[in-house]
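Geometric and topological summary
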Amino acid sequence: ATTSTIEKNIEISKQNTEHFKEDVHAGLRQSPKYLNSKYFYDQYGDSLFQKIMAMPEYYLTRCEMDIFKNQTAEIASVIRAEQTPFDLIELGAGDASKSIHLLEYLKKQDADFRYMPIDISGNILSVLEKKLSKHLPDLDIECLQGEYFDMLYKASQLSTRRKVILFLGSNIGNMEMEDVYRFCFELRKNLNKGDVVMIGFDLKKEPNTILNAYNDSNGVTAAFNLNLLHRINRELDADFIVDQFEHYETYDPVSGACRSYLISLQEQQVNVGDQTFHFLENEPVYMEVSQKFSLEDTRKIASQSGFEPHYNIMDSREWFVDTFWTA
Ligand code: AVJ
């Protein structure tokens, strides 16, 4: 790389750190205190999330893997109903452990497409790029690191073809319900008639099954949440004593919201950069929502955001749905 690209990257990383700090400061000033789960995914967070996906309690991975491994032909035929070339844009691609089965299948079919994975973690994108250059060396791929809509906009500028958007793994569940509606409406505005979106929704089911997926007995999910405090210490010159916080998970079967909190185990003060925050004993910090949906919810979201619900594929237990909507 030339000096100027190195300098540019340093500049970008400074801006990212500045945004991170502003978000943390703003979140800790709120009541209840709040930290945004999009910041979970640094290098250590990525590896903890991969551990979560491998846990027996975290059924979501196996459900969607069942769909991608056993119903690949069906997915491909919905995506390729229109036989035109397309750009396959994946929001929150991670290491593409599920979509890789679809990519392999489409390649075998000799489909004319380009794969454009978007992720907030540059670390996981470089893992993904390595993996795909080994498994699918002649895949046309363009990685985009950043926030969903910034990168979707960039992808649109790079693309003149039909768009197929993948948003898998119930990543959509990390938004509050009103943000889900806003997000899908915005997404629709960014698409043209004939474009397709495939969205993975985790379905409402027996409440303890859901709770256990986010409250595993080995404490991996707890470590995943607590890692954000470590990350804030590492990157924002903060002094959280991480042992003085405890992971607490809830699931409300009425609303379908599964929420995680970190509870301050004692009264304490924490410095984050140049600001100091006061925590009461037992004060919660709200960390993440993992929303669960009914099929009826997904249809309502589609129609309210201007999409046409087109097709559903579920795993054999009907715990998870991948919905296809057309613009
Ligand atoms: C990556 C958003 C799908 O909410 O299920 C897993 C993240 N958090 N365990 C989810 C997560 C705690 C996960 N998503």
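Residues numbered from 1 in each chain as written. Predicted model: local features only at pLDDT ≥ 70, side-chain atom pairs only at ≥ 80, totals over all residues.

With that settled, the discussion passes to the environment of valine 197. Here valine 197 lies in strand E6 (residues 196-202). When the 24 C-beta atoms within 10 Å are taken as the criterion, valine 197 is described as buried. C-alpha separation for the pair valine 197 and alanine 327, spaced 130 residues apart in sequence, amounts to 7.9 Å. (Helix = DSSP H or I, 4+ residues; strand = E, 2+ residues; numbered from the N terminus. Buried ≥ 20, exposed ≤ 12 C-beta atoms within 10 Å, placed from the backbone.)

Moving on to helix H6 (residues 122-135). Its 14 residues give H6 an end-to-end C-alpha distance of 20 Å, which sits within 8% of 20 Å, the value for a rise of 1.5 Å per residue. Residues of H6 that are buried include every one of Ile124, Leu125 and Leu128, and no others. Viewed end-on, H6 has its buried residues packed into an arc of 100°, placing them on one side of the element. Residues Ser126, Lys130, Ser133 and Lys134 are exposed on H6 and point more than 90 degrees away from its buried face. (Expected span 1.5 Å × (residues − 1). Arc of directions from axis to C-beta.)

Near the ligand, the surroundings consist of Ile52, Leu60, Gly169, Ser170, Asn171, Gly173, Asn174, Tyr214, Thr221, Phe224, Glu288 and Ser290. Breaking the shell around the ligand down by element, the ones donating at least two residues are helix H10 (220-236) and strand E11 (284-291). Taken together, the residues that form the shell around the ligand break down as 4 nonpolar, 7 polar and 1 charged. (Near = placed C-beta within 6 Å. Nonpolar A, V, L, I, M, F, W, Y, C, P; charged D, E, K, R; others polar.)

On to the UniProt feature "domain: Histidine-specific methyltransferase SAM-dependent" (unreviewed entry) in the protein, then. The positions UniProt marks with the feature "domain: Histidine-specific methyltransferase SAM-dependent" (unreviewed entry) are residues 20-325. Its end C-alpha atoms 33 Å apart, residues 20-325 is made of 41% helix and 25% strand. (UniProt positions renumbered as here; feature names shortened; annotations may be inferred.)

As a further point, take the sheet that holds strand E7 (residues 245-252). Reading across the sheet, the 4 strands line up as E1-E11-E8-E7 and stay open at both edges, with mixed pairing between neighbours. Only two strands of the sheet have a single partner each, and these edge strands are strand E1 (33-34) and E7. Relative to E11, E1 runs parallel, the two being bridged by 2 bridges. Paired with tyrosine 34 across the strands is tyrosine 286, a residue of E11. (Pairing = 2+ DSSP bridges.)

Quick look at the pairing of E11 now. Across the 8 residues of E11, 6 count as buried, placing the element largely inside the fold. Sheet topology places strand E8 (residues 257-264) next to E11; 7 bridges connect them, and they run antiparallel. Residue pairing for E11: isoleucine 263 is matched across the bridge by proline 284.

Before going further, it helps to spend a moment on the packing of helix H4 (residues 72-79) against helix H5 (residues 99-108). At their nearest, the axes of H4 and H5 sit 10 Å apart, and the two run at 70° to each other. On the basis of the axis angle, H4 is roughly perpendicular to H5. Considering how the two elements wind past one another, H4 and H5 form a crossing that is right-handed. Of H5, the residues touching H4 (which contributes Thr72, Ile75 and Ala76) are His101, Leu102, Tyr105 and Leu106. Looking at side-chain class alone, the contact of H4 with H5 contains 5 nonpolar, 2 polar and no charged residues. (Axes fitted to C-alpha atoms, helices over the stretch in contact; angles between N-to-C directions. Parallel < 35°, antiparallel > 145°, perpendicular 65-115°, else oblique. Left-handed = near helix turned anticlockwise from the far one by under 90°. Contact = placed C-beta atoms within 7 Å.)

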